Amino acid sequence: MKKLLALIPVILVLTAMKKGDKKEHHTSSSNSKKVVVYTTAEGTDYKITPTDTLSFTRMGQPFETQVCVFVDPSKTFQQVLGFGGALTDASAEIFYKLPDDAKKELLQAYYDTKNGLGYNIARTNINSCDFSSDTYTYVADNDSTLNTFNIEHDRKFKMPLIKEAMKAAGNKLHLFVSPWSPPAWMKDNNSMTQGGRLKDGSRQSWANYYVKFIKTYEAEGVPVWGLSVQNEPMAKQRWESCIFTGEDERDFVKSYLGPTLHRSGLADKKLIVWDHNRDLIYQRASTMLSDPEAAKYVWGIGFHWYETWTGSGMQFQNMQKVMEAFPGTHLIFTEGCVEAFDYKRIYDWKLGERYAHSMINDFNNGMVAFTDWNILLDEKGGPNHAGNFCFAPVHADLRTGKLMYTNSYYYIGQFSKFVHAGAKRIVSSANRDKLETTAFVNTDGKLSVIVMNNSDDKIPYHLWIKGEAADVIALPHSIATLVVE
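First, a word on what this report is: a plain description of the structure on this page. (Residues numbered from 1 in each chain as written. Predicted model: local features only at pLDDT ≥ 70, side-chain atom pairs only at ≥ 80, totals over all residues. Heavy atoms only, no water.)

### With respect to the sheet that holds strand β16 (residues 402-405)
(1) Moving on: Ordered by their spatial adjacency, 3 strands build an open sheet running β14-β15-β16, and the pairing between neighbours is mixed. The strands lining the two open edges of the sheet, one partner per strand, are β14 (377-378) and β16.
(2) Moving on: For strand β15 (residues 394-397) and β16, the ladder comprises 4 bridges, and the chain directions are antiparallel. Paired with His-395 across the two strands is Met-404, which belongs to β16.
(3) Moving on: Running over the sheet, helix α3 (residues 100-111) touches β15 and β16 and is turned about 25° from β16. (Pairing = 2+ DSSP bridges. Helix = DSSP H or I, 4+ residues; strand = E, 2+ residues; numbered from the N terminus. Contact = heavy atoms within 4.5 Å. Axes fitted to C-alpha atoms, helices over the stretch in contact; angles between N-to-C directions.)

### A closer look at the side chain of Ser-202
(1) Moving on: Checked against the element boundaries, Ser-202 lands in the loop between β8 (174-179) and α6 (203-219).
(2) Moving on: Given a relative accessible area of 8%, Ser-202 falls into the buried group.
(3) Moving on: Setting aside its immediate chain neighbours within four residues, Ser-202 contacts Trp-185 and Met-186. (Buried < 20%, exposed > 50% of the residue type's maximum accessible area, 1.4 Å probe, protein only.)

### A word on the packing of aromatic side chains
The relation between two aromatic rings is expressed through the spacing of the ring centres and the mutual angle of the planes.
(1) Moving on: One pass over the structure, following the stated rule, counts 36 aromatic pairs.
(2) Moving on: Here the aromatic rings of Trp-305 and Tyr-355 are separated by 4.9 Å at their centres, their planes lie at 70°, and the arrangement is edge-to-face. Note that Trp-305 is positioned in the loop between β11 (300-304) and α10 (317-325) and Tyr-355 in helix α11 (residues 350-364), a separation of 50 residues in sequence.
(3) Moving on: Look at Phe-363 and Phe-440: their rings are 5.0 Å apart centre to centre, the planes differ by 80°, and that puts the pair in the edge-to-face class. One end of the pair, Phe-363, is in helix α11; the other, Phe-440, is in strand β18 (residues 435-441), with 77 residues separating them in the sequence.
(4) Moving on: An aromatic cluster of three or more residues is present, and its members are Tyr-136, Tyr-138, Phe-149, Trp-206, Tyr-209, Tyr-210, Phe-213, Tyr-217, Phe-244, Phe-252 and Tyr-256.
(5) Moving on: For the cation-ring pair, Lys-33 lies above Phe-56, with the distance from its terminal atom to the ring centre recorded as 5.2 Å. (Phe/Tyr/Trp six-rings, centres within 6.5 Å; stacked < 30°, edge-to-face > 60°. Lys NZ or Arg CZ within 6 Å of the ring centre and 35° of its normal.)

Below, the structure written as structure tokens:
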């Protein structure tokens, strides 16, 4: 009997602990960390808006019934280079049709680190692309020596916009350049459109062309950080395009472009291969990186998100396979937009959710940088000489001179405003599929945890870090960045 009485206090304590666990099992904590929540949510006025400041309390082992986002800052992965968008002919032409106040507004909206997205990456086109008003190159036909090389076309709109963007970004803009097609006379179909392939006899002239472009831009005060070999090398398009098989691109890089860049004093330029969709990314990466003589010139693998045109979902697992097979590879998102522009959809909430779904999963599978497509288009989704009009985060209504911000702009900002160059990805894991998440530790030690809820449900959850938790609510169709200070 005495033994039984002695056990009663222990039983009462264990029972109380179990009941406490079921409630939440939170106790006071001496931890001084706080969480500032910034939210963008459908049906609200929240647009990267500070909506709450939370504190941590002790929380033991969660039960399966407790919704959690688990963050582990001790496990770090790839280092982030940054975020940006493309400065195309189309964006530049629209920009210079805007009134001065709208121009200033746009530059601040994208490049200001305090009042904008803080973009530090840009892409532009070598020769014309679909988002040009005309088809052009920089040399006369059959000029294999490139003596006629002239960028007068770019001096009108594109180069001035690039310079404005660089200034707005504090001269910290990583510009990379991409061709959609060599001049028609360098190709076997004698056209800049409909695919075709680079002629064997034109490979050295084409390699020299990149060098000429980069050096000409730099001589006019536009530094170039990197280049890709070919935009979408396995796409035969009705606009500018050129087919490079994996073997074609490997051999061109190995025997022509790589050595030419090095001989010309451009060995420091970051060379990006593939620059196409995730569906074939492993096949292309393995073809390029399994050859040491080609791989030594390659900085990274560029990718787009348009594999969905085949009816497939976004194939993030293929990026994981590249990282598993070739650790240390730089995976850079070089282009993505929502196609088939429709003015009635300009404020469709799904636009931003597509961006965040892609960005969260791409970062979780090794991406180091994100580059959107056009930074600006008009109220028709152009100009585009091929008629494939698309969405951009910001559209200009040229009838009024006003800018229209899609929610893609704010969804991108939930990343770019809080994940800075030099940040490293850390573990962030949700135990419910309605919550998508990724997280980073910045160089100042602050954590940025991004959580998207694209469901119709309001979801309370615990942000759980090493035995402590803060209670958060994910609004329906929302994205939030939780800054842990």
